[in-house]
Amino acid sequence: MGAKKLILYLTAGYPDGSRFARAASVAADEGVDILEIGLPFSDPVADGPVIQAASAVAIRSGVTFERTLAMSARLPQSLPRVLMTYANPIFVRGWSRAFSLARSAGFSGAILPDIPVEELASIEPFRPPGFYLVPFVAPTTSPDRLSRICRTARDGAFIYLVSLRGITGARIGDTVAEEVTAVTRRIRRLTHAPVYVGFGIRTAADAEKFGRCADGVIVGSSALAALGRGLAPFARLIRQMRRKLDRLD
Amino acid sequence: MNLPARPSGGPDRRGYFGPFGGRFIPETLMTALLDLESGYERIRKDRSFHADLRNLLTGFAGRPTPLYRADRLSSAAGCRVYLKREDLCHTGAHKINNCVGQALLAVRLGKRRIIAETGAGQHGVATATIAAKLGLSCTIYMGAEDVRRQATNVFRMKLLGATVVEVHSGSKTLKDAMNEALRDWVTNVENTYYLIGSVAGPHPYPMIVRDFQSVIGFEARRQVLREEGRLPRSIYACVGGGSNAIGIFYAFIPARTELIGVEAGGTGTSLGRHSASLSRGKPGILHGMQTFLLSVPTGNVAAVHSIAAGLDYPGVGPEHAYLKKMRRARYFSVTDREALAAFHHLTRLEGIPPAFESAHAVAGFWKERRRYRKSDLVIVNISGRGDKDIPRLFENGR
Ligand SMILES: Cc1ncc(COP(=O)(O)O)c(C=O)c1O
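Quick caveat: nothing in here was measured; it's all calculated off a predicted structure. (Residues numbered from 1 in each chain as written. Chains lettered and ligands numbered in written order. Predicted model: local features only at pLDDT ≥ 70, side-chain atom pairs only at ≥ 80, totals over all residues. Heavy atoms only, no water.)

Draft legend 1. Main features of the overall build of chain A. Helix and strand counts for chain A stand at 11 helices and 9 strands. A compact globule built from 249 residues would reach a C-alpha radius of gyration of about 18 Å, and chain A, at 17 Å, matches this within 12%. By its C-alpha atoms, chain A is 40 × 40 × 30 Å across when sized along the principal axes. Among the 249 residues that make up chain A, the fraction classed as buried is 61%. Across chain A, contacts joining residues at least 24 apart in sequence account for 74% of those joining residues at least 6 apart. Approximately 9,300 Å² of chain A is accessible, and the part contributed by carbon and sulfur atoms is 53%. Here chain A contributes 32 positive and 22 negative side-chain charges, whose respective centroids are spaced 3 Å apart. (Helix = DSSP H or I, 4+ residues; strand = E, 2+ residues; numbered from the N terminus. Rg over C-alpha atoms; globule rule 2.2 N^0.38 Å. Buried < 20%, exposed > 50% of the residue type's maximum accessible area, 1.4 Å probe, protein only. Contact = heavy atoms within 4.5 Å. Areas by Shrake-Rupley, 256 points an atom, 1.4 Å probe, with all protein chains shown as cover. Lys, Arg positive; Asp, Glu negative; His and termini not counted. Charge placed at Lys NZ, Arg CZ, Asp CG, Glu CD.)

Shown next as structure tokens:
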């Protein structure tokens, strides 16, 4: 397997419980390195229309924190996974309790897009050992904040590099790859944590382009859209991305 | 008519009022928030900014607004009642105070594009109005449900040259409009100023909006001292996000005046039938802030209801959460029905039809009128005028 990582986002219980489970196992078979499982939240401000719609479907069908954990616990142990959600669903359960439960259900960490590093600092004490919190870097991140962010990538955490100014599923502009390469280079001087690029990566060609800039790519909206069409197109998209990434080294 | 020289209670450097507030927002926006904070600190000390603000508040927004002794309401209630007449502001509500201040700030920060969320349409209209005046491009996000409920305000915004984007996600109301405005801001952060309409959102917004709205209370304080030579026993204001309430409360926080916020009790006490986040909510995190929130046990935000579109919001400004915790202010709710009765009451007694939002403040006072003696002074903040709501009454009457 190639050194460039493929991280796949799925909304828990989307399109429904059984197809979610099958999609996760297809993902494992097709060489996805980390599965990012989204606990749907009613007000996902960092997400575009595809993930918003998937979240709404999942919420309507009764996907909760507890059910997301149960779904995770049934996945193959060998597939690393992180929990992606927003602050409130964790906060209302108590940071410490929610993180510990997530770890017991097989999650190695959490991604919380509405918690910047300033707030992460006060949540950090509630993080159980061996459970990481993923810090975000954006194209707008200033140099002084960058070093602070990089210092918080601990216990196996990767850095989530947001490719563009925008929300998930947005269209990537022409200059984004250059910017991503430059930011990755600055991150490398500050931490050994791997840098994975996400937001707007839709095609195998995008995966190749951004795989070259960083340690791996995160794919969400386009995979969910493919899954909405069926397991076959979903598997095909992942396979093509995997193949392109493998050829990079 | 200046910004308060020194904030008396918070927020602290991280934007917290006690445990409430903070900055729960995507990383992409952090630099913009930090720039906003430092830009705001600069203009606080800038004389020419204060001169521009003063000019616009007097000539354009119509300040100072009167503090009016409501004699017929007073004798009906059995105490001395004054109304703070924010309904006489340009565009019909207190919202313009904040819009003028923030739009001037946007210009100083070099932003020529303004976005905002709106519920009742009052904040959207006020934003579009100042954008027209300053020649800024303006996009307003409004829930599809509110577009339907407040059609004339949509038309007004368009007349003023704003683009109105109908939001179809979630509950199609104010909170969803705010989600969509945040998504726009993340996407266009470099050239866009997000002009939040209440004391909500991530730090520094709750502080900035409070400072710009505090003119209401500083004026009222001066006016009541001039008229009566003493401070009021109580002040009533309606609470949606909390900007008109904090606006009138702020100058009185160091005093002994009782500060009372009236929330929207809607049609009942079960979740989904009201929007009384302080009276019935629990601590939670939404739209960049930790505050009292109406959410279901899963952590998803609850549906809310109020006859007043401007109160139809599941959260509340973090400073109110703090004032509640410290027991410096008290909050309770009145129902749609009580607010409607108060609307008619004030219209008939004083010839002043209040906005449905402001009618909640009137109803809250009316409910508690027996607490007061004849000589007690009470101020009720009339945050806006009822013109926008009269078509609803007309349709319901047919
Ligand atoms: C007249 C009026 N009063 C009150 C409000 C509620 O907002 P806030 O609680 O921020 O004053 C609104 C909001 O649209 C309004 O239009």
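Draft legend 2. Spatial organisation of a nonpolar patch on the surface. On the surface, Phe155, Leu159 and Leu160 of chain B cluster together to form a nonpolar patch covering roughly 320 Å² of accessible area. Along the polypeptide, phenylalanine 155 of chain B turns up in helix 7 (residues 151–159). (Patch = residues over 30% accessible without salt bridge, like charges linked within 9 Å, V, L, I, M, F, W, Y side chains within 5 Å. Salt bridge = Lys/Arg side-chain N within 4 Å of Asp/Glu carboxyl O.)

Draft legend 3. Representation of the interface of chain A and chain B in the model. Across the boundary between the two partners, chain A contributes 37 residues, which contact 35 residues of chain B. Counting the surface lost from both chain A and chain B, the interface buries some 2,800 Å², and carbon and sulfur atoms represent 53% of this. Taken together, the connections running from chain A to chain B amount to 3 salt bridges. Glutamate 27 of chain B serves as the salt-bridge partner of arginine 145 of chain A, at 2.6 Å between the closest nitrogen and oxygen. On the surface where chain A and chain B come into contact, there are 18 residue pairs in polar contact (both at pLDDT 80 or more). (Buried area = accessible area lost by both parts, 1.4 Å probe. Polar contact = N/O pair within 3.5 Å; in protein donor to acceptor, adjacent residues only side chain to side chain.)

Draft legend 4. View of the site of the ligand. All names here are of chain B. As a structural note, the neighbourhood of the ligand is formed by 18 residues, with Ser198, Gly240, Gly242, Ser243 and Ser383 the closest of them. Here an oxygen atom of the ligand sits 3.1 Å away from a polar atom, N or O, in the side chain of lysine 95. Here an oxygen atom of the ligand sits 2.7 Å away from a polar atom, N or O, in the side chain of serine 243. Compared with its free state, where it exposes 390 Å², the ligand has 97% of that area covered by protein. Under a 2 Å grid-point criterion requiring more than half of the atoms, the pocket assigned to the ligand is the largest cavity. Residue classes in the shell around the ligand are distributed as 5 nonpolar, 11 polar and 2 charged. (Near = heavy atom within 4 Å. 1 Å grid on protein atoms, 1.4 Å probe; cavity = no way out; pocket = protein on both sides within 12 Å on 5 of 7 lines; lining within 4 Å. Sits in = over half its atoms within 2 Å of the grid points. Nonpolar A, V, L, I, M, F, W, Y, C, P; charged D, E, K, R; others polar.)

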